[in-house]
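These are the residues of each chain, in order.
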Amino acid sequence: MVVVILILLSLGVAGFIMLTDSRKDTSLKRLEQRASDSVVNDAGSDGDGGGGGD
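Residues numbered from 1 in each chain as written. Predicted model: local features only at pLDDT ≥ 70, side-chain atom pairs only at ≥ 80, totals over all residues. Heavy atoms only, no water.

1. Looking at the overall build of the protein chain
Along the backbone of the protein chain there are one helix and zero strands. Expressed as a percentage of the 54 residues in the protein chain, the buried residues total 0%. Roughly 4800 Å² of accessible area belongs to the protein chain as shown, and the carbon and sulfur atoms make up 66% of that amount. (Helix = DSSP H or I, 4+ residues; strand = E, 2+ residues; numbered from the N terminus. Buried < 20%, exposed > 50% of the residue type's maximum accessible area, 1.4 Å probe, protein only. Areas by Shrake-Rupley, 256 points an atom, 1.4 Å probe, with all protein chains shown as cover.)

2. Examining a nonpolar patch on the surface
A cluster of nonpolar residues, Val2, Leu6, Leu9, Val13, Phe16 and Ile17, forms a patch on the protein surface that exposes about 610 Å² of accessible area. Along the polypeptide, Leu9 turns up in helix H1 (residues 2-53). (Patch = residues over 30% accessible without salt bridge, like charges linked within 9 Å, V, L, I, M, F, W, Y side chains within 5 Å. Salt bridge = Lys/Arg side-chain N within 4 Å of Asp/Glu carboxyl O.)

These values are about where atoms sit, not about what they do.
Right, dumping it as structure tokens:
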């Protein structure tokens, strides 16, 4: 009986860790996409600003 409880507890902990890791991965991917998008936008606006100044 104790062994079954320990196994279920360890499975619950493993599942919780997997869920939190997947949430962190998705949030990190979103942050990376936003950062890359802003870099691309900044590069485009810098090029346009330089052309307008000439």
